[in-house]
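Now for the letters of each chain:
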Amino acid sequence: EWSTLQPKDFVHASCLADFGDFLETLSRGEEFYKQTIGLHKDGSSFDCEVRAVPFIYKGQPHGLSMIRDISERKQAEEAIIQKSADLEQTLDQLQNAQLQLIRSEKMSELGNLVAGVAHEINNPLGAIVGNIGAISEYVDDLFGILDLYSETFPQPGDEIEDELEDADLEY
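Figured I'd write up the structure that's included with this text. Every residue gets a number counted from 1 within its own chain, in the order that chain's sequence is written. Residue-level local features of this predicted model are given only where pLDDT is at least 70; pairs of side-chain atoms are given and counted only at 80 or more, and the full residue set underlies all totals for whole chains, interfaces and linings. Water and hydrogen atoms play no part in the side-chain values, which are based on all heavy atoms of the structure.

Strands here mean DSSP runs of E at least two residues long; helices mean DSSP runs of H or I at least four residues long; both are numbered from the N terminus. The topology assignment puts Ile67 in strand β3 (residues 60-69). Put simply, Ile67 and Tyr33 are 34 residues apart on the chain and 9.9 Å apart in space, counted from C-alpha to C-alpha. Residues are treated as being in contact if the distance between any of their heavy atoms lies within 4.5 Å. Residue contacts for Ile67: discarding those within four places in its chain leaves Phe46, Cys48, Glu49 and Val50.

See below:
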């Protein structure tokens, strides 16, 4: 049965060129190593690594080959790569969430600052607006008293007339 084996019987069709590289490397007297895809007797494929060393036996070149099934290792590597990608994605999401939290916190602080400034302006302004009516009544009362004084004392004296002129009461 060994004499009828062809490369297509143990090398996946997509990797037949690797068998040519194998023969070429050994014929140069060099060691060969490659990860490739092999075939089981039932035709199912598997990931494998092929190592071969050339040697001379009874004056003829030969190659000693070892084929190791690395399917589980490849699956583990792929799982690690997938986990790494998942972790990177999670890290990106966490960084984005952190940026959003920082922005929210800054907006909250800004809102508190604006509310505090508005409160500090609003209190004195409210006091002024709340007292304008009373002040207006007091000013009207004062003008009424001044009018009464000017009627009662038409000649108040030079000192008071100078003061009234400086104050420009009519204005």
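So, next bit.
By the secondary structure assignment, Ser71 is in helix α2 (residues 71-152). Throughout, exposure labels follow a simple rule: accessible area from a 1.4 Å probe, protein chains only, divided by the maximum for the residue type, with under 20% read as buried, over 50% as exposed, and the rest as partly exposed. The exposure class of Ser71 is buried, given its relative accessible area of 16%. In terms of polar contacts, Ser71 uses its side chain to reach the side chain of Asp69, at 2.8 Å. Non-local contacts of Ser71, meaning those with residues more than four positions away in its chain, are made with Phe46 and Asp47. Under the rule applied, a polar contact is a pair of N or O atoms within 3.5 Å (in protein, one hydrogen donor and one hydrogen acceptor; residues adjacent in sequence only if both atoms are side-chain atoms).

In this section: the pattern of salt bridges. The salt bridge definition used is simple: a Lys or Arg side-chain nitrogen within 4 Å of an Asp or Glu carboxyl oxygen. Under the counting rule described, the total for this entry stands at six salt bridges. Here Arg28 makes a salt bridge to Glu30, at a shortest N to O gap of 3.1 Å. Glu30 sits in the partly exposed class, given a relative accessible area of 38%. For Arg73, the salt bridge is made with Glu77, and the minimal N-O distance between the two is 3.8 Å. With Arg73 and Glu77 both in helix α2 and four residues apart, this pair spans about one turn of that helix. Its relative accessible area of 36% is what places Glu77 among the partly exposed residues. Among the charged side chains, a network of salt bridges with common partners joins Glu49, Arg68, Arg73 and Glu77.

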